[in-house]
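Read off the chains here:
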Amino acid sequence: EPEVTQTPSHQVTQMGQEVILRCVPISNHLYFYWYRQILGQKVEFLVSFYNNEISEKSEIFDDQFSVERPDGSNFTLKIRSTKLEDSAMYFCASTDRGAFRAFFGQGTRLTVV
Amino acid sequence: GDSVTQMEGPVTLSEEACLTINCTYTATGYPSLFWYVQYPGEGLQLLLKATKADDKGSNKGFEATYRKETTSFHLEKGSVQVSDSAVYFCALNSGGYQKVTFGTGTKLQVIP
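Notes on the structure in this doc start here.

**Some thoughts on the overall build of chain B**
- On a plain count of helices and strands, chain B comes out with zero helices and twelve strands.
- By the compact-globule yardstick of 13 Å for 112 residues, chain B fits well, its C-alpha radius of gyration being 13 Å.
- Expressed along its principal axes, the backbone C-alpha trace of chain B runs to roughly 45 × 25 × 20 Å.
- Within the span of chain B, comprising 112 residues, buried residues form 44% of the whole.
- Taking all contacts inside chain B whose residues are at least 6 apart in sequence as the whole, residues at least 24 apart take part in 55%.

Quick look at the structure:
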């Protein structure tokens, strides 16, 4: 089965630092997403991205967050100035043209200290 | 907006016991329904899905039937194994390229 790949698997950063989480969606997919899961809690939608622009974002996705597809293969989530409460597992996902299902990556565990 | 409600956990069962995890949903239109599983320390894996009313999704001995009249998608397995210990998430997608809305997750622990 095709896979969404996320790097790194675990990142530790100091509060106030910028982090970039990276994802390589499945190659022929057109829609890309980021989700967040705070430890022990539900998976929450952050943002969806299509045709090089954000198509939907949640209240969580404030000005500290941004997404980019810099080179046609990677899809990144940037957090400008991390806070302790940004500590979570971040999942990238992508869907194909038929959109029968979303494929999720293995996640990046972000720890802000 | 869309929402998913699933039974609180944790659920503790003995090996070979029957499992049911209840899930109900609220959505506009005709959503697709999913069960995702998250094993300890791992990411989200799609367990099964159903895209229209009365469809039954099945995988690895797990089943769930899309019940439009009761807006439910309960997960069932006849005989659980220790290796089924994980967190199970019910989820829906309202169609096309919409986001996936997840329930809160139900932790299942199976003891030998």
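Once the structure has been displayed, the description carries forward.
**Structural notes on the state of the cysteines**
- Applying the stated criterion across every chain yields a total of two disulfides over all chains.
- What pairs with Cys23 of chain A in a disulfide is Cys92 of chain A, and their sulfur atoms sit 2.0 Å apart. Looking down the S-S bond of the Cys23 of chain A and Cys92 of chain A bridge, the torsion is -65°, so its handedness is left-handed. Of this pair, Cys23 of chain A sits in strand S3 (residues 19-24) while Cys92 of chain A sits in strand S9 (residues 88-95), and the two are 69 residues apart along the sequence.
- The exposure class assigned to Cys23 of chain A is buried, which follows from its relative accessible area of 1%.
- According to the relative accessible area criterion, Cys92 of chain A is buried, its value standing at 0%.
- Free of any disulfide, Cys18 of chain B has its nearest neighbouring cysteine sulfur in Cys23 of chain B, separated by 19 Å.
- Cys18 of chain B sits in the exposed class, given a relative accessible area of 58%.

**Describing the packing of aromatic side chains**
- Under the counting rule described, the total for this entry stands at 16 aromatic pairs over all chains.
- Judged by centre distance (5.5 Å) and plane angle (40°), the ring pair of Phe32 of chain A and Phe75 of chain A falls under tilted. Placement of the pair is Phe32 of chain A in strand S4 (residues 31-37) and Phe75 of chain A in strand S8 (residues 75-79), with a sequence separation of 43 residues.
- For Phe75 of chain A, a relative accessible area of 0% corresponds to the buried category.
- Ring geometry for Phe34 of chain B versus Tyr36 of chain B: centroids 6.0 Å apart, planes at 40°, classification tilted.
- Look at Tyr36 of chain B and you get buried, because its relative accessible area is 1%.

**Considering the interface of chain A and chain B**
- Between chain A and chain B, the residue contacts involve 21 residues of the former and 17 residues of the latter.
- Contact between chain A and chain B buries roughly 1700 Å² in total, counting both sides, with carbon and sulfur atoms accounting for 58%.
- Between chain A and chain B we count one salt bridge in total.
- Glu56 of chain A is the partner of Lys99 of chain B in a salt bridge, and the nearest nitrogen-oxygen pair spans 3.1 Å.
- Mapped onto the side of chain A that touches chain B, the elements with two or more residues apiece are S4, strand S5 (43-50), S9 and strand S10 (102-104) of chain A.
- For the side of chain A that touches chain B, the element with the highest residue contribution is S4 of chain A, accounting for four residues.

Criteria and thresholds
Here the residue numbers are simple positions, counted from 1 along each chain's written sequence. Chains carry letters from A onward and ligands carry numbers from 1 onward, assigned in written order. Where totals are concerned, whole chains, interfaces and linings use all residues; where local detail is concerned, this predicted model gives features only for residues with pLDDT of at least 70, and gives and counts side-chain atom pairs only at 80 or more. To get the side-chain values, all heavy atoms of the structure are used, and hydrogens and water are removed first. Secondary structure elements are taken from DSSP: a helix is a run of H or I of four residues or more, a strand is a run of E of two residues or more, and numbering for both begins at the N terminus. Radius of gyration means the value over C-alpha atoms here, while the globule rule gives 2.2 Å times the residue count to the 0.38 power. For every residue, the accessible area obtained with a 1.4 Å probe (protein chains only) is divided by the maximum for its type, and the residue is called buried under 20%, exposed over 50%, and partly exposed between those limits. Contact definition: two residues touch when any of their heavy atoms are within 4.5 Å. When the sulfur atoms of two cysteines come within 2.5 Å, that pair is taken as a disulfide. Each Phe, Tyr or Trp ring, with Trp reduced to its six-membered ring, pairs with another whose centre is within 6.5 Å; inter-plane angles below 30 degrees give stacked pairs, above 60 give edge-to-face pairs, and intermediate values give tilted ones. By buried area we mean how much accessible surface two parts lose on assembly, using a 1.4 Å probe and totalling the loss over both. Definition used for salt bridges: Asp or Glu carboxyl oxygen within 4 Å of a side-chain nitrogen of Lys or Arg.

Note that every value here comes from positions in space, so none of it alone points to a role or purpose.
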